[in-house]
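Overview (structure and organization)
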Amino acid sequence: MRRLFWVGVGVVVTVVVVQRGRKIVAQYAPEAVVDRAERAAQDAGRRAETFVATFRREFAQARSAREAELTAALLAEGQPDPDDVRASGLRAADLRGGPGRARHAASAPDGRPDTEAEVAADEADLGYSF
């Protein structure tokens, strides 16, 4: 809260100084000098706006390209693109077989689940494992 208070004080002081400074400049400066300074400030503002807009556009393009690059590097061969999956309306549970459904029907002769068959099926589905 202390920092926020002092930031507020700084903003108020800055506004007061700028307003008083404009009044003083208007009193003592020739009109041509004031007009030239105003035009220079407006030109600088336009250049700053152009720079910021260009920076934002180029940054967004570079970010999108890097995201596509990283996504392509992380996807396993044959794995669908996440954007395509989202666009199709499928949920993650649909891709995993959904909750409550058995992923693999393999079982050992004694009736217990066959974990080796489950691991082999997972690796076949994923194409990789950790």
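Thresholds applied
- Residues numbered from 1 in each chain as written.
- Predicted model: local features only at pLDDT ≥ 70, side-chain atom pairs only at ≥ 80, totals over all residues.
- Heavy atoms only, no water.
- Salt bridge = Lys/Arg side-chain N within 4 Å of Asp/Glu carboxyl O.
- Helix = DSSP H or I, 4+ residues; strand = E, 2+ residues; numbered from the N terminus.
- Buried < 20%, exposed > 50% of the residue type's maximum accessible area, 1.4 Å probe, protein only.
- Expected span 1.5 Å × (residues − 1).

Remarks on the pattern of salt bridges
Applying the stated criterion across every chain, the model contains two salt bridges. One salt bridge in this structure joins Asp 43 and Arg 46, with 2.5 Å as the shortest N-O distance. Separated by three residues within a single helix, Asp 43 and Arg 46 lie in helix H2 (residues 31–74), roughly one turn from each other. The exposure class of Arg 46 is partly exposed, given its relative accessible area of 47%. Across the pair Glu 69 and Arg 66 runs a salt bridge whose closest N-O atoms are separated by 2.5 Å. With Glu 69 and Arg 66 both in helix H2 and three residues apart, the pair spans about one turn of that helix. Here Arg 66 falls in the partly exposed class, since its relative accessible area comes to 43%.

As for helix H1 (residues 2–28)
Across its 27 residues, H1 extends 39 Å between first and last C-alpha, which sits within 8% of the 39 Å expected from 1.5 Å per residue. Burial within H1 is sparse, with just zero of its 27 residues counted as buried.

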